[in-house]
Amino acid sequence: MTIELRPLGVKCNLHCSYCYQNPQRDAGNVARSYDLEEIRLALEREAKPFSLFGGEALLIPKKDLKKLWSWGLERYGRNGIQTNGILIDDEHISLFKQYQVGVGISIDGPGELNDLRWAGTLDRTRQTTAKTEKAIEKLCQEGLAPGLIVTLHRVNATQDKLPIMNEWFKYLEQLGITSARLHILEVENEFIQHEYALSTEENIQAFLNFEQLEKELITLKFDIFQDMRNMLLGKDEYSTCNWNACDPYTTRAVRGIEGNGQSSNCGRTNKDGIDFTKSDIEGFERYLALYYTPQQYGGCKDCRFFLMCKGDCPGTAMDGDWRNRTRDCEVWQALYQTFEQELLKQGLNPISLSSDRKQLEKIILDGWIEGRNINIARALLLFEQGLNRAIMDYKNTPKHVPHQDTFAVY
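Residues numbered from 1 in each chain as written. Predicted model: local features only at pLDDT ≥ 70, side-chain atom pairs only at ≥ 80, totals over all residues. Heavy atoms only, no water.

Chemist: Would you take a moment to explain the packing of helix α10 (residues 285-292) against helix α13 (residues 357-369) for this structure?
Modeler: When two helices pack together, you describe them by how their axes are tilted relative to each other and by the distance separating the axes. Running from N to C, α10 and α13 cross one another at 145°; their axes reach a closest spacing of 9 Å. Our pair here, α10 against α13, has a crossing hand that is left-handed. In this structure, α10 uses Y287, L288, Y291 and Y292 to contact α13, whose residues at the interface are K358, E361, L365, W368 and I369. Of the residues belonging to the contact of α10 with α13, the class tally is seven nonpolar, no polar and two charged. (Axes fitted to C-alpha atoms, helices over the stretch in contact; angles between N-to-C directions. Helix = DSSP H or I, 4+ residues; strand = E, 2+ residues; numbered from the N terminus. Left-handed = near helix turned anticlockwise from the far one by under 90°. Contact = heavy atoms within 4.5 Å. Nonpolar A, V, L, I, M, F, W, Y, C, P; charged D, E, K, R; others polar.)

Chemist: Can you help me understand the pairing of strand β1 (residues 2-6) in this one?
Modeler: A regular strand carries its side chains on alternate faces of the sheet. Along β1, four of the five residues are buried, which leaves the element largely enclosed by surrounding structure. Bridging between β1 and strand β8 (residues 254-258) involves five bridges; their strand directions are parallel. Each residue of the ladder has a partner; that of R6, found in β8, is E258. Looking at chain direction, β1 and strand β2 (residues 50-52) are connected through three bridges and run parallel. Within the sheet, the bridge partner assigned to E4 lies in β2 and is S51. (Buried < 20%, exposed > 50% of the residue type's maximum accessible area, 1.4 Å probe, protein only. Pairing = 2+ DSSP bridges.)

Chemist: It is not clear to me how the packing of aromatic side chains should be interpreted in this structure. Could you clarify?
Modeler: Two numbers describe a pair of aromatic rings. These are the distance of the centres and the angle of the planes. Considering all chains together, one arrives at 21 aromatic pairs under this definition. Pairing F169 with F210 gives two aromatic rings, centres 5.6 Å apart and planes at 85°, and the pair type is edge-to-face. Note that F169 is positioned in helix α6 (residues 162-175) and F210 in helix α8 (residues 200-216), a separation of 41 residues in sequence. Taken individually, F169 and F210 each receive the classification buried, so the pair is uniform in this respect. Taking 5.7 Å as the distance between ring centres and 45° as the angle between the ring planes, the aromatic pair formed by Y287 and W368 counts as tilted. Pair noted here: Y287 is in helix α10 and W368 is in helix α13, with a separation of 81 residues, a long-range link. The residues Y287 and W368 share a single accessibility class, namely buried. (Phe/Tyr/Trp six-rings, centres within 6.5 Å; stacked < 30°, edge-to-face > 60°.)

Chemist: Help me understand the confidence of the model for the chain in this model?
Modeler: Parts of the prediction with low pLDDT should not have their coordinates interpreted in detail. Mean pLDDT for the chain: 91, with 94% of residues reaching 70 or above. Counting interchain partners and residues more than four positions distant, the pLDDT-below-50 stretch residues 399-410 has three contacts. (pLDDT = per-residue confidence, 0-100.)

Chemist: Got a minute to help me understand the environment of E330 in this structure?
Modeler: Turning to its location among the elements, E330 is positioned in helix α12 (residues 329-345). Residue E330 is classed as exposed on the basis of its relative accessible area, which comes to 53%. Distance from E330 to D160, taken between C-alpha atoms, is 22 Å for residues 170 residues apart in sequence.

Chemist: Hey, could you run me through the pairing of strand β4 (residues 101-106) in this one?
Modeler: Burial analysis of β4 places five of its six residues in the buried class, which makes it a mostly covered element. Bridge analysis of strand β3 (residues 79-83) against β4 gives five bridges, and the strand direction is parallel. Among the inter-strand pairings, Q82 is bridged to a residue of β4, identified as G104. You can see the chain leave β3, run along helix α4 (residues 90-98) and come back into β4, and the turn it takes is right-handed. (Right-handed = clockwise from strand over helix to strand, strands pointing away.)

Chemist: Explain the nonpolar core here, please?
Modeler: General note: in soluble globular proteins, nonpolar side chains tend to be found buried as a group. Ranked by internal contacts, the top residues of the largest apolar core, which has 89 residues, are F96, F169, F207, F210, F222 and Y336. Take this core: its biggest share by element is seven residues, from α12. Non-local contacts of F96, meaning those with residues more than four positions away in its chain, are made with W69, I81, I88, V101, V103, L139 and L144. Grouped together as the second largest cluster of nonpolar side chains are seven residues, Y18, L116, L185 and V187 included. (Core = buried A, V, L, I, M, F, W, Y, C linked by side-chain atoms within 4.5 Å.)

Following this line, the structure appears as structure tokens:
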């Protein structure tokens, strides 16, 4: 679980037209102030480590960063932040070191490949990208290598751009970067779909390109690929949130805290421009419905990858309706098929092809009906325990010994 602390909500120093937080900005729901005492009380209620988030988290004055990180270090021994990196300076880096701040940076590529992270004009955009790239280099030099989030789109991941991206990731590995998260562009409207989104085939090609690149790299890994392999093997205890049956009204994996102390959900599920108060009750109606709804009606019925994917993040649902499966279904199916074959060649048995898959699905579905979210690893354990009990019951059942007269010959 991640506690995302958003003192300034979605306030940002960039104007990326594809940002999934734009519905909030369009609705005028941008914070201009915050209350540190209300934030502190909210963090005490959560009682878990937190990460500063935005918008752009480094718009918070340094004096308040010090207060928040001092509080986090004292209680949890660490802190975190997700930033576009533009504002990072030497003093920030000193604060990162002093307060044990793990840094994540959002950047889509080098130079012009990052142009969709728009700063108002092309010249300013290129300048801010250069600042982000310099910040990454400086952090690595200081022993604070950040994790990266990279969104794939028409500016950085079409066939002609992939060789540039490959060389960039090789360079990042030399700097000391070890982790990058690849995102499919989250589409908020038809304009973004038409102008910036890759086609299904282009997305598949891009992901397969990076999957092959990973085999050439030594230390830098794209965590989504390991996630998908682990899901197929039922090793999903630490998989990321999009594979884990997220309720859009309470988003278990992300608990947000706004600048007034209000609890909120992951912004990726927010399509109405409003931060709804987090629900106290987690529900799994979406996943029960997806399991039984035919694919032609937006469901996942009969998909052998349902346990692994579960319709993906509700924030990526078809037509912006969380009740539907993800619009990226064909991309994930193609990748799961690739990893499925890879595991078979290694002599491993993917759950998608297991004769026990239906029984595992029933265990997880029964859990959802009861309001419990059982992961695949737990379902495997319960299934094995059930088999063992059945075997023991069979062995311990007294055998019927027929009376010898039964065999008398008349």
